[in-house]
Amino acid sequence: MDTFKERYGPAALVTGASSGIGTGFAEELAARGINLVLAARRVDRLEELKARLEADYGIAVQVVRCDLADPQAPARLVAACEGDDIGLVVSNAGFGIKGWFEQVDAHVMAEMLTVNCHAQMQIAHGFVPKMKARGRGGLLLVSSVEGLMGGPFSTAYAATKALVVALGEGLWGELQGTGVDVLTLTPGATESEAAAKQGFDPAKMTNVQSARECAALALDNLANGPTYCPNPHYRALFERMTAMPRQQALLAMAQGMRPKN
Ligand SMILES: NC(=O)c1ccc[n+]([C@@H]2O[C@H](COP(=O)([O-])OP(=O)(O)OC[C@H]3O[C@@H](n4cnc5c(N)ncnc54)[C@H](OP(=O)(O)O)[C@@H]3O)[C@@H](O)[C@H]2O)c1
């Protein structure tokens, strides 16, 4: 297969397309001529994106409202894509919580587990048989560099992202020879609404990658799994951290991430 569209088209599902990295994926896929199914809760954002991408790139976009904190939502999302020939799934929706583990709201933590883990696993489970039957396609799971080791003061979030790394690595091994590429993306700091939602000032962050660049590099590396970090600074940092004795790495991480107050 020589072109991206032949290999991963004609349509892609992007979850969490209403902001940040998901919007970057939608824009980059539209520019590559891929039709889209865009899913999130904020459908007003998705409708705006649909209008812009259809006008700019002449592709077809379907908008699906879904709240992935509802355990039944992934099955409904898979069903909503029934009429589309989905060649690529970008399972991106997710969120994080930072701070002392015991101070995290238990309800929000449960919601994070459902969105970041349950939904990703169910979406993969819904699409893998379809992808295998097609004999070509891609499954891209969005994790984080934080999924590559324990993350003090981001403990619960890092744990959810570690599940995604394990899920993606397992599927990468299982789907060899099927024509379906599996990539687990481990972004570093990327432009999105995530930092502000977690109480950080995005202006004070360094080595931040644009969402569009993150998405473009991920799509260019779909066949180079199992995992891929698109941000050179964070790739080098986590290569060093994961090569260190684990106690030393965790102590360094705890020092860097410890809340100021
Ligand atoms: N930005 C970073 O630095 C960074 C680094 C590593 C990994 N990541 C990962 O990248 C992914 C995208 O996050 P982002 O950074 O782009 O943050 P973001 O701008 O906050 O986007 C998060 C997206 O997920 C969707 N989402 C959240 N909860 C949802 C729910 N219950 N149901 C359906 N959709 C939901 C949001 O849509 P609605 O609110 O409209 O539902 C939004 O489109 C996440 O998995 C995140 O963990 C981000």
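Report on the accompanying structure.

## Brief notes about the overall build of the chain
The helix and strand inventory of the chain stands at 10 helices and seven strands. Its C-alpha radius of gyration of 18 Å places the chain within 12% of the 18 Å reference for a compact globule of 261 residues. Across the 261 residues of the chain, 44% fall into the buried class. Counting only contacts in the chain whose residues sit at least 6 apart along the sequence, the fraction spanning at least 24 positions is 70%.

## Observations regarding the pairing of strand S3 (residues 61-65)
Of the pairings in the sheet, the one linking strand S2 (residues 35-40) to S3 comprises five bridges and is parallel in character. Paired with Ala39 across the two strands is Val64, which belongs to S3. Following the chain from S2 across helix H3 (residues 43-57) to the adjacent parallel S3, one finds a crossover that is right-handed.

## A few points about helix H4 (residues 73-80)
Every buried residue belonging to H4 is among Ala73, Pro74 and Leu77, and all of these are buried. All buried residues of H4 fall inside an arc of 95° around its axis, so they share one side. Contacts from the buried residues of H4 go to S2, S3 and helix H5 (106-134).

## Some details on the packing of H5 against helix H6 (residues 155-174)
Between H5 and H6, whose axes approach to 9 Å, the crossing angle comes to 10°. With respect to each other, H5 and H6 are oriented roughly parallel. The residues of H6 that touch H5, namely those facing Met109, Met112, Leu113, Asn116, Cys117, Gln120, Met121, Ala124 and Val128, are Ala156, Tyr157, Thr160, Lys161, Leu163, Val164, Leu167 and Leu171. A breakdown of the residues in the contact of H5 with H6 according to their chemical character gives 13 nonpolar, three polar and one charged.

The rules behind the values
Residues numbered from 1 in each chain as written. Predicted model: local features only at pLDDT ≥ 70, side-chain atom pairs only at ≥ 80, totals over all residues. Helix = DSSP H or I, 4+ residues; strand = E, 2+ residues; numbered from the N terminus. Rg over C-alpha atoms; globule rule 2.2 N^0.38 Å. Buried ≥ 20, exposed ≤ 12 C-beta atoms within 10 Å, placed from the backbone. Contact = placed C-beta atoms within 7 Å. Pairing = 2+ DSSP bridges. Right-handed = clockwise from strand over helix to strand, strands pointing away. Arc of directions from axis to C-beta. Axes fitted to C-alpha atoms, helices over the stretch in contact; angles between N-to-C directions. Parallel < 35°, antiparallel > 145°, perpendicular 65-115°, else oblique. Nonpolar A, V, L, I, M, F, W, Y, C, P; charged D, E, K, R; others polar.

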